[in-house]
Amino acid sequence: MTREEVKKIVDKVQIYRQSFLITNNLYQEWNRILEPYDYLDVDNKLNSFFKDGDNYGKYPDPYQLVKHLTKLSEKILSQGMYVFCNLCNKKIKLQDYDVHFDRCNSIDYISKNYKKYYGKNIDTKKLLSMDEKTFNDMYWKFNKQLLDKIDDGDVKDSLVKTLKIHEEQENKND
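This section reports on the structure supplied with the text.

How each quantity is defined
Residues numbered from 1 in each chain as written. Predicted model: local features only at pLDDT ≥ 70, side-chain atom pairs only at ≥ 80, totals over all residues. Heavy atoms only, no water. Helix = DSSP H or I, 4+ residues; strand = E, 2+ residues; numbered from the N terminus. Contact = heavy atoms within 4.5 Å. Areas by Shrake-Rupley, 256 points an atom, 1.4 Å probe, with all protein chains shown as cover. Lys, Arg positive; Asp, Glu negative; His and termini not counted. Charge placed at Lys NZ, Arg CZ, Asp CG, Glu CD. Core = buried A, V, L, I, M, F, W, Y, C linked by side-chain atoms within 4.5 Å. Buried < 20%, exposed > 50% of the residue type's maximum accessible area, 1.4 Å probe, protein only. Polar contact = N/O pair within 3.5 Å; in protein donor to acceptor, adjacent residues only side chain to side chain. Expected span 1.5 Å × (residues − 1). Axes fitted to C-alpha atoms, helices over the stretch in contact; angles between N-to-C directions. Parallel < 35°, antiparallel > 145°, perpendicular 65-115°, else oblique. Left-handed = near helix turned anticlockwise from the far one by under 90°. Nonpolar A, V, L, I, M, F, W, Y, C, P; charged D, E, K, R; others polar. Phe/Tyr/Trp six-rings, centres within 6.5 Å; stacked < 30°, edge-to-face > 60°.

Let us now look at the overall build of the protein chain. Looking only at helices and strands, the protein chain features nine helices and two strands. Each of the three principal axes of the protein chain carries a C-alpha extent, and together these read 80 × 30 × 30 Å. A sequence separation of at least 24 residues applies to 51% of the contacts in the protein chain between residues at least 6 apart. Total accessible area computed for the protein chain in this model is approximately 12,400 Å², and 49% of it derives from carbon and sulfur atoms. In the protein chain, which carries 30 positive and 29 negative side-chain charges, the distance between the mean positions of the two groups comes to 3 Å.

Structure, rendered in structure tokens:
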């Protein structure tokens, strides 16, 4: 919820409860509490509060308004929101995006370097369909082979350091 939407909620409370005192601190506190939630959900909850005869003359509490509501970020994930990968343009569920992007980014890296150093194209669909362990093994094997192809310099130094860190982590896990 934006600050402007929180302001609408607070102002609406004052419309129905004219003695409701609004200060900058009140706006800030209500904003802190309401910000993670969807405006329409909170507004509907406020309408229900005012319609309930037991609440006549009472002031709503911001925590009361968000009770049993789902935060906007959780709502987006649970509704099966989709995004497009900016590398392969594939439509991906939002909750799966980070894992997909890591794989897609690694495939892009392999593909570019395979073309650059071996002069051939690689089957990216095959790489994308590999299980995680097979792909990771192949990825690190490819990087080790790449060391012989890369000229000395910053790129090679960076790759050496990355491989060393990976090997240290592998040794810890064994």
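Membership of the largest hydrophobic core comes to 18 residues, with the highest contact counts inside it found for Met1, Ile9, Trp30, Leu34 and Val42. The set of elements that each furnish at least two residues to this core consists of α1 (3-16), α2 (24-34), α3 (39-51) and α4 (62-66). Per-element accounting of this core gives the leading share, five residues, to α3. If we skip the residues at most four places from it in the chain, leucine 34 touches Met1, Val6, Ile9, Val42, Pro62 and Val66.

As a further point, take the side chain of serine 106. With respect to the secondary-structure elements, serine 106 resides in helix α6 (residues 97-118). By relative accessible area, serine 106 is classed as buried at 17%. Polar contacts involving the side chain of serine 106 include one to the main-chain carbonyl oxygen of aspartate 102, which spans 3.0 Å.

With 22 residues, α6 extends 30 Å between its outermost C-alpha atoms, agreeing within 8% with the 32 Å of an ideal straight helix rising 1.5 Å per residue. Restricting attention to buried positions, one finds in α6 the residues Tyr97, His100, Arg103, Cys104, Ser106, Ile107, Ile110 and Asn113. Buried residues in α6 make contact with β1 (82-84), β2 (91-93), α7 (124-129) and α8 (132-146).

Excluding glycine, residues mostly have negative phi values, and the peptide bonds linking residues are mostly trans. For histidine 68, which is not glycine, the phi torsion reads 70° and is therefore positive. Positionally, histidine 68 belongs in the loop between α4 and α5 (72-78). Positive phi values are uncommon outside glycine, yet asparagine 89 reaches one of about 65°. Along the polypeptide, asparagine 89 turns up in the loop between β1 and β2.

To describe two helices that pack against each other, one gives the angle between their axes and the distance between the axes. Put simply, α8 and helix α9 (residues 154-173) touch, their axes get as near as 10 Å, and they point 140° apart. Between α8 and α9, the interaxial angle falls into the category oblique. Here α8 runs over α9; the crossing is left-handed. Along the contact surface, α8 presents Trp140, Asn143, Lys144 and Leu146, while α9 presents Leu159, Thr162, Leu163, His166 and Glu167. The class makeup of the residues in the contact of α8 with α9 is four nonpolar, three polar and two charged.

Let us look at the packing of aromatic side chains. Enumeration according to the criterion identifies eleven aromatic pairs in this entry. With centroids separated by 4.4 Å and ring planes inclined at 20°, the aromatic side chains of tyrosine 16 and phenylalanine 50 adopt a geometry described as stacked. One end of the pair, tyrosine 16, is in helix α1; the other, phenylalanine 50, is in helix α3, and 34 residues separate them in sequence. On the basis of relative accessibility, which here comes to 44%, the residue tyrosine 16 falls in the partly exposed class. Taking the relative accessible area as the measure of exposure, phenylalanine 50 reaches 15% and is therefore buried. On the numbers, 5.0 Å between centres and 90° between planes, the contact of tyrosine 139 with tryptophan 140 is edge-to-face.

Nothing here speaks to function; it is geometry throughout.
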